[in-house]
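Each chain, written out:
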Amino acid sequence: MRIRNIFHKEHLNEFLRFCLVGIIATCIHYGIYLLLIKTTGLDGKFWINAAYFVGFIISWLCNFWLTARITFNTHVSVKRGIGFAITHGINYLLHLLFLNIFLALGIAEQIAPIPVYCCVVPINFILVRIVFKSNKIQ
């Protein structure tokens, strides 16, 4: 996908659906993260990262199905699942990197994920679109 083609109507509609699905997945992720850090009472970076991981995995499962069906109107397949897992592995590493950068900058743990999402979502759209639109991945 060329950058200039993102403004094509089809790409714009995909991006809008991607954002809708992303909002749903993000709410699931963030909700689980907050629930775990508030209810476990555990402190420290390990537990913050663990809560973030659990939320990420649960939201990932929902996100995969919704992305296939709603965003790109395709079928769920093992190959797409593998591609989606790889892109989200990269995505997760970016999330952790940015989360820990924002925590180190003194942003509160409750709101640190918000700027993380802003940094990582555009990169993720490009990677996921490649997985679901590539003719090689069926």
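Reference entry: report on the structure contained in this document. (Residues numbered from 1 in each chain as written. Predicted model: local features only at pLDDT ≥ 70, side-chain atom pairs only at ≥ 80, totals over all residues. Heavy atoms only, no water.)

## Some remarks on the packing of helix α1 (residues 9–39) against helix α2 (residues 45–71)
The N-to-C vectors of α1 and α2 enclose an angle of 155°; their axes lie 8 Å apart at closest approach. As far as their axial angle goes, α2 and α1 are roughly antiparallel. For α1 against α2, the interelement crossing comes out right-handed. (Axes fitted to C-alpha atoms, helices over the stretch in contact; angles between N-to-C directions. Helix = DSSP H or I, 4+ residues; strand = E, 2+ residues; numbered from the N terminus. Parallel < 35°, antiparallel > 145°, perpendicular 65-115°, else oblique. Left-handed = near helix turned anticlockwise from the far one by under 90°.)

## A look at the nonpolar core
In a soluble, globular protein the nonpolar side chains are often hidden away together inside. Grouped together as the largest cluster of nonpolar side chains are 14 residues, with contacts concentrated most on Y33, Y52, L99, L103, A112 and V116. Sorting the residues of this core by element identifies α1, α2, α3 (78–104) and α4 (113–133) as the ones contributing at least two each. Beyond its immediate sequence surroundings of up to four residues, A112 is in contact with L99, F102, L103 and I107. Ranked by size, the runner-up nonpolar core spans ten residues in total, among them F18, F64, A68 and F132. (Core = buried A, V, L, I, M, F, W, Y, C linked by side-chain atoms within 4.5 Å. Buried < 20%, exposed > 50% of the residue type's maximum accessible area, 1.4 Å probe, protein only. Contact = heavy atoms within 4.5 Å.)

## Regarding α1
Helix length check: α1 (31 residues) gives 44 Å between terminal C-alpha atoms against 45 Å at 1.5 Å per residue, within 8%. Regarding α1, the residues found buried are H11, E14, F18, V21, A25, H29, I32, Y33 and I37. Packed against the buried residues of α1 are α2, α3 and α4. Residue G41 follows α1 closely and has a positive phi angle near 70°. (Expected span 1.5 Å × (residues − 1).)

## Focus: the packing of aromatic side chains
Inspection of every chain in the model, using the stated rule, returns 15 aromatic pairs. Ring centres of Y33 and Y52 lie 5.5 Å apart, and the angle between their planes is 85°; this geometry places the pair in the edge-to-face category. Residue Y33 is found in helix α1, and its partner Y52 is found in helix α2; the two are separated by 19 residues along the sequence. Since its relative accessible area comes to 0%, Y33 is described here as buried. (Phe/Tyr/Trp six-rings, centres within 6.5 Å; stacked < 30°, edge-to-face > 60°.)

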